[in-house]
Amino acid sequence: TTINRNAVWKDNYTLFMDTSEKSPDAFIPRSSLANALFERGRIDEAIEQYRIALSLLSQKPADPVVLSAALSNLGAAFLLKGLTDQAIEQYSLAVAADPSSSNAHASLGFAYAEKGWSEKAISEYVTALKLQPRSSLRAAHIHNNLGVAYWKKGLTDQAREHFEEAAKMNPDN
């Protein structure tokens, strides 16, 4: 069985396309196929698969962490397409599903920043930093984005503080 399965597994796309065809009502293969499509730049198809995966997930009680991640993935696809309002909607749902998700808060902050809503972006970034382990590269990225949001508001001292923190955490950036 393993040898036969390996013949299908040329890459994530071929594996999860095959798995989705064999298990069309399963969340994980649909979500994984959407991720593979996203990675290939096939965003419209990824959005379709994310929506199918979310509809499958909604048919039973879902783990909040899994639901939040799935909603965030759809939000990322919308954001990449320039559909910022739809991205904000998905990220807001992701935060509601799992308020402890640093990723969902940071992503919502980024979408707010794309709309030019600096105050809302700052609020989400601050929340994300409270939830994110301090030494992670993700925290450095959030500090950088928070610095940008402060800088756009003309709050250069606060911006510098977060840029310096980001540089300390990730000196290669």
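Residues numbered from 1 in each chain as written. Predicted model: local features only at pLDDT ≥ 70, side-chain atom pairs only at ≥ 80, totals over all residues. Heavy atoms only, no water.

1. Comments concerning the overall build of the protein
Helix and strand counts for the protein stand at ten helices and zero strands. A burial count over the protein gives 44% of its 173 residues as buried. Sequence separation of at least 24 residues holds for 44% of the intrachain contacts in the protein that already meet a minimum separation of 6. Of the roughly 9700 Å² that the protein leaves accessible, carbon and sulfur atoms contribute 53%. With 18 positive and 20 negative side-chain charges, the protein shows a spacing of 1 Å between the two charge centroids. (Helix = DSSP H or I, 4+ residues; strand = E, 2+ residues; numbered from the N terminus. Buried < 20%, exposed > 50% of the residue type's maximum accessible area, 1.4 Å probe, protein only. Contact = heavy atoms within 4.5 Å. Areas by Shrake-Rupley, 256 points an atom, 1.4 Å probe, with all protein chains shown as cover. Lys, Arg positive; Asp, Glu negative; His and termini not counted. Charge placed at Lys NZ, Arg CZ, Asp CG, Glu CD.)

2. A look at the packing of aromatic side chains
Across all of its chains, the model carries one aromatic pair by this definition. Taking the centre distance of 5.8 Å and the plane angle of 40 degrees together, the rings of Y112 and W117 count as tilted. For W117, a relative accessible area of 36% gives the class partly exposed. (Phe/Tyr/Trp six-rings, centres within 6.5 Å; stacked < 30°, edge-to-face > 60°.)

3. Things to note about the side chain of Q90
Positionally, Q90 belongs in helix α6 (residues 84-97). What Q90 contacts, discounting residues up to four positions off in sequence, is L54, L71, L74, G75 and F78.

4. Considering the confidence of the model for the protein
Chain-level statistics for the protein give a pLDDT mean of 92 and a share of 94% at 70 or above. The least confident element of the protein, judged by mean pLDDT, is helix α1 (residues 2-8) at 59; the most confident is α6 at 98. (pLDDT = per-residue confidence, 0-100.)

5. As for helix α8 (residues 118-131)
The terminal C-alpha atoms of α8 lie 20 Å apart, and with 14 residues this matches the ideal 20 Å at 1.5 Å per residue to within 8%. For α8, the complete set of buried residues consists of S118, A121, I122, E124, Y125, A128 and L129. Each buried residue of α8 lies within a common arc of 170 degrees when the element is viewed along its axis, so the set occupies one face. Exposed residues on α8 whose side chains face more than 90 degrees from its buried face are E119 and K130. Summarising the contacts, the buried residues of α8 are in contact with α6, α7 (102-115), α9 (137-152) and α10 (156-169). (Expected span 1.5 Å × (residues − 1). Arc of directions from axis to C-beta.)

6. A closer look at the environment of L33
Its place among the elements puts L33 in helix α3 (residues 27-39). In this structure, the C-alpha to C-alpha distance between L33 and N103, residues 70 residues apart in sequence, is 21 Å. Among residues more than four places away in sequence, those in contact with L33 are Y13, F16, M17, S20 and Q49.

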